[in-house]
Amino acid sequence: MNLSSSDSQYRYKKVEQELSKHIEAGDLVPGDKLPSLRQMSETLSVSISTVSHAYEELEKRGLIESRPRSGYYVRSEFRAIPTPEINIPRKIEPHSVTKSKLIQTALQTVGNKDLLPLGVVCPSNELLPTRQLAKIMNSVIREHPLETAGYEMIPGNLDLRRQIAFRSVDCGSNVTADGLVITTGAMEALYISLRTLTRPGDLVLIQSPSYYCFLQLVENLGLRAIEIPSCPKRGINPDRVAEITRTFDIKACIFAPNFNNPDGSITSDDRKREIVEILAARKIPLVEDDVYGEIYFGEHRPRTLKSFDRDGGVLLCSSFSKTIAPGYRVGWLAPGRYLEKALEIKATTNVSCVAPTQMAIARYLRETLYDRHLKKLRVAMKEQMCKMRTEIGLSFPEGTKVTNPKGGSVLWVELPEGTDGVALFFKARAEGIGIVPGIVFSPQDVFSNYIRLSSGAPWSDEIQAGVRRLGELAAM
């Protein structure tokens, strides 16, 4: 473990994260004694106060306990919590989506201030650059009153498209400003993509589990879905893609290879390349959702499927809703060889997106504020997710499993067999806790004993109490 970083402010967090990783993995088991403050200080070449601070944080999280005149021990109640296995749909066959009513009920948690936000996948406002954006927005409107009051171009603000194109180099996508369409969030980008590629009755291939708004979109467009298993640890298997596309007449695929919502899975670069090559050979277009790609916990931003695209068959969708400002509703689409058709559908949907928000985010990106913000956001999101996993391990019933994503902000929780996720959803809502039942993440009646939790809110006594109460409700 290398703690040579000059940023001493985060040294105790690195000690805390390293120890919590070993505890949660089962390397340190309940009852094990931790090294003394002095021993750990010498081992890691950090100060005793740094180690002491890390131990205090681990104690607050419930992972360790202090015993008078004896030292620190892994808490006896703590148990390492396993990851769910690969999720296999019951039947590999076309399915119509018929869960709109339950999905609409789940969507009622969005923006509901009366519910603890464990069901809304978005960083809390205090983690977002709201004040900086407000200042920029005021300046934009004051300096450009005519432009902000008028229509933007159908493809979107040129300055914004240039900034997005410049940033696309980080994930290997290398899209151009002329090849981008600004949309009202990523959902409009997905809508335009599917309208461009499909007609009612067509088959589309989706991950299982898959974001319930994708399923609702598939239903509203009159499409049928075939599911491919998503593995929480490895993402999408190219062999299954090849098998299904040989068997069925697939008109388009919808994949989220980077931190899929809800299982948080990431597909490796080798698998991404193979998937793109398989689909290109069969001339099957691929719609990629990459809204969580910037919220990674490792050293490098994961590549997109688009980065392996050589013939324009990948339509990349993303937005700033998960990183800057969900309320600004600024997303984008890189539709590849389908650009002309995508622009036609955009023009007949809402003509163009709101001008002021595009101009404000363009300036925010141009002033190089984004990368500094992202660095802090990633640290916060990782810490919040770790603390939530810990509390699940302490509070949820025996037999619970939970994913351990390398990015994003969702945890996919498998409850003991026989637990009703929908019933738990309504029980939790009655007590002011928002969650999402697992059954809405598939067109089939699977994942009935799963729930999805969001770790987007800063950890607090209120959040901890809510997760603890949820565990109690799950055990009833």
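First, a word on what this report is: a plain description of the structure on this page. (Residues numbered from 1 in each chain as written. Predicted model: local features only at pLDDT ≥ 70, side-chain atom pairs only at ≥ 80, totals over all residues. Heavy atoms only, no water.)

## Brief notes about the packing of aromatic side chains
Tallied over the entire structure, the rule returns 12 aromatic pairs. Ring geometry for W412 and F447: centres 5.5 Å apart, planes at 75°, overall edge-to-face. Of this pair, W412 sits in strand β13 (residues 410–414) while F447 sits in the loop between β15 (436–437) and β16 (450–454); the two residues are 35 residues apart in sequence, bridging distant segments of the chain. A residue is classified by how much of its surface remains accessible, and W412, at 0% relative accessible area, is buried. The class for F447 is buried, based on a relative accessible area of 8%. Measuring from centroid to centroid gives 5.3 Å for F447 and Y450, while their planes differ by 85°, and the two rings are edge-to-face. Residues F447 and Y450 agree in their burial class; the two are buried. An aromatic cluster is present here, built from Y211, Y212, F214, W412, F441, F447 and Y450 joined pairwise through their rings. One cation-aromatic arrangement involves R67 over Y73; the distance from NZ or CZ to the ring centre is 3.9 Å. (Phe/Tyr/Trp six-rings, centres within 6.5 Å; stacked < 30°, edge-to-face > 60°. Helix = DSSP H or I, 4+ residues; strand = E, 2+ residues; numbered from the N terminus. Buried < 20%, exposed > 50% of the residue type's maximum accessible area, 1.4 Å probe, protein only. Lys NZ or Arg CZ within 6 Å of the ring centre and 35° of its normal.)

## Concerning the sheet that holds β16
Across the sheet, four strands lie side by side as β12-β13-β16-β15; this open sheet has antiparallel pairing. The sheet is open, and its two borders are formed by β12 (401–402) and β15, each paired with just one other strand. Of the pairings in the sheet, the one linking β15 to β16 comprises two bridges and is antiparallel in character. Pairing of V436 across the sheet is with R452, part of β16. Helix α14 (residues 370–395) rests against β12, β13 and β16 of the sheet, and its axis sits at about 15° to β13. (Pairing = 2+ DSSP bridges. Contact = heavy atoms within 4.5 Å. Axes fitted to C-alpha atoms, helices over the stretch in contact; angles between N-to-C directions.)

## Some details on the nonpolar core
Within the largest apolar cluster, 57 residues are counted, with the highest numbers of intra-cluster contacts made by L118, F320, I392 and I435. Considering each element in turn, this core owes the most residues, eight residues, to α14. Sequence-distant contacts of L118, that is, excluding residues within four places in its chain, are made with M388, I433, G434, I435, R452, L453, S454, I463, V467 and L470. The next biggest cluster of nonpolar side chains, apart from the first, holds 39 residues, and it includes V97, L194, L217 and I345. (Core = buried A, V, L, I, M, F, W, Y, C linked by side-chain atoms within 4.5 Å.)

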